[in-house]
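Report on the structure
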Amino acid sequence: MRHIAGMKWPDTITAGEIEQHEPLVRRVLAPNASPYTYTGTQTWIVGNRTDVAVIDPGPVGSGQSMGDPADIHGEGHVEAILRAVGDAKVTAILCTHTHRDHSPAAAPLKAATGAPIIGCAPLVLRDDGPRADSAFDPDYHPDRILKDAEAISGDGWTIEAVATPGHTSNHLCFALRESGALFTGDHVMKWSTSVVSPPDGDMRDYLASLQKLYERDDRIYYPAHGPAVNNPRQLVRGMIGHRRQRERQIVTLLEGGEGHIPNMVAAMYKGLDPRLIGAAGRSVLAHLIDLQNQGRVAAQGDGWHLVTEN
C-alpha cells in the first residue's frame, strides 16, 4: 500500500449527499471514512431519469466489524441511494467485488427496488492471516454473474464488465461505453495503491489486470474510494512501475539476508501510518508468493530466502 505524498482531497460532498459528475454519472458517498476507505465508499449511479444502474451499493449496519480495521459503517446509506435515484427505475445493482465496504447494501437495495444483483461472483474466504482491508461479505448472492466483456444496458447507457482479478479473485471493473468512463472499484485508485492480500489476493493477477487496463483507452476512472482519475494510462503505468520497484526492494533485502516480513515492511515503508502496517505486510507477502511461483525465492520457517542457482 502506498499513499501518494501530499495527496489531499477536500471532498465536495459529505456522506449522503449527491454529486453529478457527468450527464450519466452521479455519486453518493457512504459514511464509512477510514484509513482503508479514505473519505468513504463511493456508490456510483449510472443512467438518467428513466432507469439507472447502481455500482457498489456499499456497507450497511453500525460499523461494528468484530476486529476488522476497515470502517464498514453504512447507516442511512441505502436511503441516500434511493434519494439519489429519485423516480428512476433501478434495473441493476452492480458490485465490483465482495468486500464488506462494497456489496452488503445490495440486499436491502434489492428489497427496496426489486432490481437484480448483477456483477462479480460470490466469494467467501477464510484468510490465512489478519486481514488488512475489509472482510468478505458472506451474504452476497447475485442473481446474475457477468463474465469479462459481457454487458448490460438501459435507456441511453451500456455497462460492460472488465475482469480485473488481483485485489480479489472476483474483482470486476465496469466500463460505461457511452462516455468512456471506467468504474474501477478497488483495483485502481489515485489516493493509494490497492492492498493485495493472499490467499485470495494475487500479485501476478493484479499486475496482469493493470496491464490490461493500460492497453485500454478509457477516458476517466471513477474508483470506489478517492478522486476521479483524469490521466488513466499515466497512473496505471506508474502503478506497474511502483510494484516492480517493490519487488526489487524485496529481492535486495533478501540478498542482504533479511527475510522476515515485519522487518521488510519497516525498511520499505518509511513513515507509514501504523494502522496500515498490516496492509503493507500482506502486499509484501503477495510479492513473495509471486516470486516463489517464479522459482526465485522459498519460504523457510517464518522467513524467506533467495533460491540459489546450482
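Below is a summary of the structure that appears in this document. What you are looking at is a predicted structure, and each value in this text was computed from that prediction instead of being measured. (Residues numbered from 1 in each chain as written. Predicted model: local features only at pLDDT ≥ 70, side-chain atom pairs only at ≥ 80, totals over all residues. Heavy atoms only, no water.)

All right, on to the overall build of the protein then. Summing up its helical and strand segments, the protein has six helices and 14 strands in all. The buried share of the protein, taken over its 310 residues, is 55%. Within the protein, residue pairs in contact and separated by at least 24 positions form 62% of the contacts whose partners lie at least 6 positions apart. Accessible area for the protein stands at about 13,000 Å²; split by element, carbon and sulfur atoms hold 51% of it. (Helix = DSSP H or I, 4+ residues; strand = E, 2+ residues; numbered from the N terminus. Buried < 20%, exposed > 50% of the residue type's maximum accessible area, 1.4 Å probe, protein only. Contact = heavy atoms within 4.5 Å. Areas by Shrake-Rupley, 256 points an atom, 1.4 Å probe, with all protein chains shown as cover.)

Tallied over the full model, the rule gives zero disulfides. In this structure Cys 95 is a free cysteine whose sulfur lies 5.6 Å from that of Cys 120, the closest cysteine sulfur available. Residue class for Cys 95 comes out buried when judged on its relative accessible area of 0%. Note on Cys 120: relative accessible area 1%, which makes it buried. (Disulfide = S-S within 2.5 Å.)

What follows concerns the environment of Ala 107. Tracing the backbone shows Ala 107 in helix α2 (residues 106-113). By relative accessible area, which is 44% here, Ala 107 ends up partly exposed. Separated by 32 residues in sequence, Ala 107 and Asp 139 have C-alpha atoms that sit 8.4 Å apart.

Moving on to the sheet that holds strand β3 (residues 42-47). Pairing is mixed across the open sheet formed by seven strands, whose spatial order is β1-β2-β3-β4-β5-β6-β7. A strand with exactly one partner marks an edge of an open sheet, and here the two such strands are β1 (18-22) and β7 (144-145). With respect to the sheet, helix α1 (residues 77-85) is in contact with β1, β2 (25-29), β3, β4 (51-55) and β5 (89-95), its orientation differing from that of β2 by roughly 155 degrees. The sheet contacts of α2 involve β4, β5 and β6 (117-119), and relative to β5 the element is tilted by about 165 degrees. (Pairing = 2+ DSSP bridges. Axes fitted to C-alpha atoms, helices over the stretch in contact; angles between N-to-C directions.)

We now examine the packing of aromatic side chains. Counted according to the given criterion, the structure contains four aromatic pairs. Aromatic side chains Tyr 38 and Trp 191 sit 4.5 Å apart centroid to centroid with 15 degrees between the ring planes, which places their arrangement in the stacked category. In this pair, Tyr 38 sits in the loop between β2 and β3 while Trp 191 sits in the loop between β11 (181-185) and α3 (203-214), placing the two residues 153 residues apart along the sequence. The class for Tyr 38 is buried, based on a relative accessible area of 19%. (Phe/Tyr/Trp six-rings, centres within 6.5 Å; stacked < 30°, edge-to-face > 60°.)

Time to look at helix α4 (residues 232-255). The end-to-end C-alpha distance of α4 is 35 Å, a good match for the 34 Å that 24 residues give at a rise of 1.5 Å each. Where the residues of α4 are buried, they touch α3, β12 (220-223), α5 (261-268), α6 (277-293), β13 (297-300) and β14 (303-306). (Expected span 1.5 Å × (residues − 1).)

All chains considered together, the criterion is met by 11 salt bridges. Notably, a salt bridge pairs Glu 22 with Arg 219, separated by 2.7 Å at the nearest N-O pair. Taken together, the residues Glu 22 in strand β1 and Arg 219 in the loop between α3 and β12 connect sequence positions 197 residues apart. The class for Arg 219 is partly exposed, based on a relative accessible area of 43%. The closest approach of N and O atoms between Lys 110 and Asp 143, which form a salt bridge, is 2.9 Å. On the criterion of sequence distance, the pair formed by Lys 110 in helix α2 and Asp 143 in the loop between β6 and β7 is long-range, its members being 33 residues apart. (Salt bridge = Lys/Arg side-chain N within 4 Å of Asp/Glu carboxyl O.)

On to the sheet that holds β11, then. Taken together, the five strands give an open sheet; going across it, the order is β8-β9-β10-β11-β12, and neighbouring strands pair in mixed fashion. The strands lining the two open edges of the sheet, one partner per strand, are β8 (151-154) and β12. Neighbour-to-neighbour, the strand axes of this sheet turn through a mean angle of 25 degrees, independent of strand direction. As judged from the four bridges shared by β8 and strand β9 (residues 157-163), these two strands associate in the antiparallel manner. If you follow Ala 151 over to β9, its bridge partner there is Glu 160. Here α3 sits on the sheet in contact with β9, β10 (172-176), β11 and β12, set at roughly 145 degrees to β9.

Quick look at the environment of Thr 14 now. Mapping Thr 14 onto the fold places it in the segment before β1. For Thr 14, a relative accessible area of 48% gives the class partly exposed. The spatial distance from the C-alpha of Thr 14 to the C-alpha of Gly 40 is 9.5 Å, given a sequence separation of 26 residues.

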